[in-house]
Amino acid sequence: MKPAWLIAFALPFLSLSVSYPQAMPPPDSQSSAKAAASPEAAPITEAELRQRLAGRQIFLRGLYLDDNLHFNMNGDLVGQSEKGSWTLCDVVIDHVKISGKKVELEGARFGIHFEDEGNWGEQATSFDRIQVTPKKKHLLIEIDRQVVVKRKKEKGEKKAKAKKEAAGDKTAGGATSEAETAPQTPPPGTTFSPGESAEHLRAALNKIFAPDLDAKMIAEMPDYWQYFYQAQNSHKMLEPTDPKIVRPGPGVDGPHLMAHVTPASNDYAQKAEVAGVASYMVILGPDGRPVAVAVYRPIGFGLDENAVTAIKNAKFTPAVKDGKTVTSVIDLAVNFRIYSKRTAQGPLVEGAEAASPAASVKPMPGPYSSQAHE
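Given the structure is predicted, the values throughout are model-derived calculations rather than measurements. (Residues numbered from 1 in each chain as written. Predicted model: local features only at pLDDT ≥ 70, side-chain atom pairs only at ≥ 80, totals over all residues. Heavy atoms only, no water.)

Just to check I follow, could you spell out the packing of aromatic side chains for this structure?
Remark: the centre distance and the inter-plane angle together describe each pair of aromatic rings, the angle taken between the planes. A complete count under the given rule lists 12 aromatic pairs for this structure. Taking 5.4 Å as the distance between ring centres and 75° as the angle between the ring planes, the aromatic pair formed by Trp 86 and Trp 225 counts as edge-to-face. Taken together, the positions of Trp 86 in the loop between strand E2 (68-71) and strand E3 (90-98) and Trp 225 in helix H8 (residues 223-234) put the pair 139 residues apart, joining distant regions of the chain. Each of the two residues, Trp 86 as well as Trp 225, counts as buried. For Arg 129, the ring lying beneath its charged end belongs to Phe 110, and the centroid distance is 4.5 Å. (Phe/Tyr/Trp six-rings, centres within 6.5 Å; stacked < 30°, edge-to-face > 60°. Helix = DSSP H or I, 4+ residues; strand = E, 2+ residues; numbered from the N terminus. Buried < 20%, exposed > 50% of the residue type's maximum accessible area, 1.4 Å probe, protein only. Lys NZ or Arg CZ within 6 Å of the ring centre and 35° of its normal.)

Structure (structure tokens):
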């Protein structure tokens, strides 16, 4: 069963009007077919790669968090890498190097930090970019290339040609032998065409990088982010439309949080000193269990994912209307802070590291209110 507000925003995904410079054309699933049909396409050059990638804000589609990434010629990751939030996969490439066998890209990773104030309708574009790659280190991305090889001479071709020349065959210098015209198949991972190799690399780049938060990237996000961007793109407030879903207020005894919720922070947020309040819209079933969560005012830096996980595991008393438990929707604020002994709430666990994550749900008095959103 789809969450109630998914019905309200079951609209096609639209490209965001975020002012990211276009780094590359949209992904083309038929690149290989086009390359085969046009083997004389222009070879890719280092200058082209610099123009497409260097100095531009792009995103890693695979949400990989490792700072050393290796991709094969099809744009698939070689080996393994931890994955995380798209808000930690904003990258800028500074150096580009290309050879016949691979492409090397060096740059830095940035975290997206959303502003926690301001007009809700501008939340999608109200953010800061904070570099998380240390200055003395760099992000390294290697991409294997489809290697260009030369066609091999068939065995006996030279001897046949020499014999014809010795016999005075007038066509020896101009005729094409059957061996020369016979079709050849290049070894796996190679091609006879520089143009095909170039198109293969372009397709791999489109698979690895997104020039902005395009429809494909949004569609691959968790549902709680999709709700947020659907609402932002359609310029509509994120609200359930099912009349059976009630908000706390007159005649409705709202839910209560039964246990303290502590979403984890992460090293990126702690080192960048990212703190603040994020808010989420939560639908609770008649049993008080969270049915669906949507990002309302994000904070970014991978913290929203942690907050949603904690909220889904939280326990609430259900809302009550006319003496019966009912499905309800509430606004839940989560406060993320920089963790230290000075700001710790309660005693530290003995032996715990000072940099261990800590964040808490902002206490809400009594039943959750149904204040109108800004």
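Help me out: how do you make sense of H8 in this one?
Count 3.6 residues to each turn of an α-helix, and residues three or four apart come out pointing the same way. Taking 1.5 Å of rise per residue, 12 residues should cover 16 Å, and H8 covers 16 Å from first to last C-alpha, within 8% of that figure. The element H8 is largely enclosed, with a buried count of 11 among its 12 residues. Looking only at H8, the buried set comprises Tyr 224, Trp 225, Gln 226, Tyr 227, Phe 228, Tyr 229, Gln 230, Ala 231, Gln 232, Asn 233 and Ser 234. One or two steps after H8, the chain reaches His 235, where phi turns positive at roughly 55°. (Expected span 1.5 Å × (residues − 1).)

Would you take a moment to explain the nonpolar core for this structure?
For soluble globular proteins, nonpolar side chains are generally found buried alongside one another. Core analysis: the largest hydrophobic core is formed by 64 residues, its most contacted members being Trp 86, Phe 209, Tyr 229 and Tyr 280. Among the elements that take part in this core, helix H10 (residues 303-312) stands out by supplying five residues, more than any other. Within the second largest apolar cluster, 10 residues are counted, among which are Ala 231, Leu 238, Ala 294 and Val 329. (Core = buried A, V, L, I, M, F, W, Y, C linked by side-chain atoms within 4.5 Å.)

Is there a simple way to explain helix H6 (residues 194-208) in this structure?
Between its terminal C-alpha atoms H6 stretches 21 Å, which fits the 21 Å expected from 15 residues at 1.5 Å a residue. Listed in full, the buried residues belonging to H6 are Gly 195, Ser 197, Ala 198, His 200, Leu 201, Arg 202, Ala 204, Leu 205, Asn 206 and Ile 208. Capping of H6 at its N-terminal end is provided by Ser 193; its side-chain oxygen lies 3.2 Å from the backbone amide nitrogen of Gly 195. (Polar contact = N/O pair within 3.5 Å; in protein donor to acceptor, adjacent residues only side chain to side chain.)

Would you mind going over the packing of helix H3 (residues 46-53) against H6 with me for this structure?
In a pair of packed helices, the angle between the axes and the distance between the axes together describe the arrangement. Contact pair H3 / H6: the axes reach a minimum separation of 13 Å and the direction vectors enclose 20°. Considering their axes alone, H3 and H6 lie roughly parallel with respect to each other. The two elements H3 and H6 meet at a crossing, and its hand is right-handed. When H3 is examined against H6, the residues Glu 48, Leu 49, Arg 52 and Leu 53 are found in contact with a partner set consisting of Arg 202, Leu 205 and Asn 206. Its residues assigned to classes, the contact of H3 with H6 shows three nonpolar, one polar and three charged. (Axes fitted to C-alpha atoms, helices over the stretch in contact; angles between N-to-C directions. Parallel < 35°, antiparallel > 145°, perpendicular 65-115°, else oblique. Left-handed = near helix turned anticlockwise from the far one by under 90°. Contact = heavy atoms within 4.5 Å. Nonpolar A, V, L, I, M, F, W, Y, C, P; charged D, E, K, R; others polar.)

Can you help me understand the environment of Gln 184 in this one?
Structurally, the position occupied by Gln 184 is in the loop between helix H5 (178-181) and strand E8 (190-191). As for Gln 184 and Arg 151, which are separated by 33 residues in sequence, their C-alpha atoms are 7.5 Å apart.

Explain the pattern of salt bridges here, please?
Pairing between side chains of opposite charge can happen when their charged atoms approach one another. Enumeration over the complete set of coordinates arrives at 14 salt bridges. In this structure, Glu 46 engages Arg 50 in a salt bridge whose closest nitrogen and oxygen atoms are separated by 2.5 Å. Here Glu 46 and its partner Arg 50 are both found in helix H3, four residues apart, which amounts to about one turn of the helix. Under the relative-accessibility criterion, Glu 46 is labelled partly exposed at 24%. (Salt bridge = Lys/Arg side-chain N within 4 Å of Asp/Glu carboxyl O.)

Before we go on, may I ask you to explain the pairing of strand E4 (residues 102-114) in this structure?
In the case of a regular strand, side chains alternate between the two sheet surfaces. When you tally the buried positions in E4, you get 10 out of 13 residues, the bulk of the element. Pairing analysis gives eight bridges linking E3 to E4, with the strands arranged antiparallel. For Ile 98, the partnering residue across the bridge sits in E4 and is Val 103. The hairpin formed by E3 and E4 contains three residues between the paired strands. Where E4 and strand E6 (residues 139-144) come together, six bridges link them in antiparallel fashion. Considered in E6, the bridge of Val 103 is made with Ile 143. The pairing of E4 with strand E5 (residues 127-131) spans five bridges and is antiparallel. Paired with Gly 111 across the bridge in E5 is Ile 130. (Pairing = 2+ DSSP bridges.)

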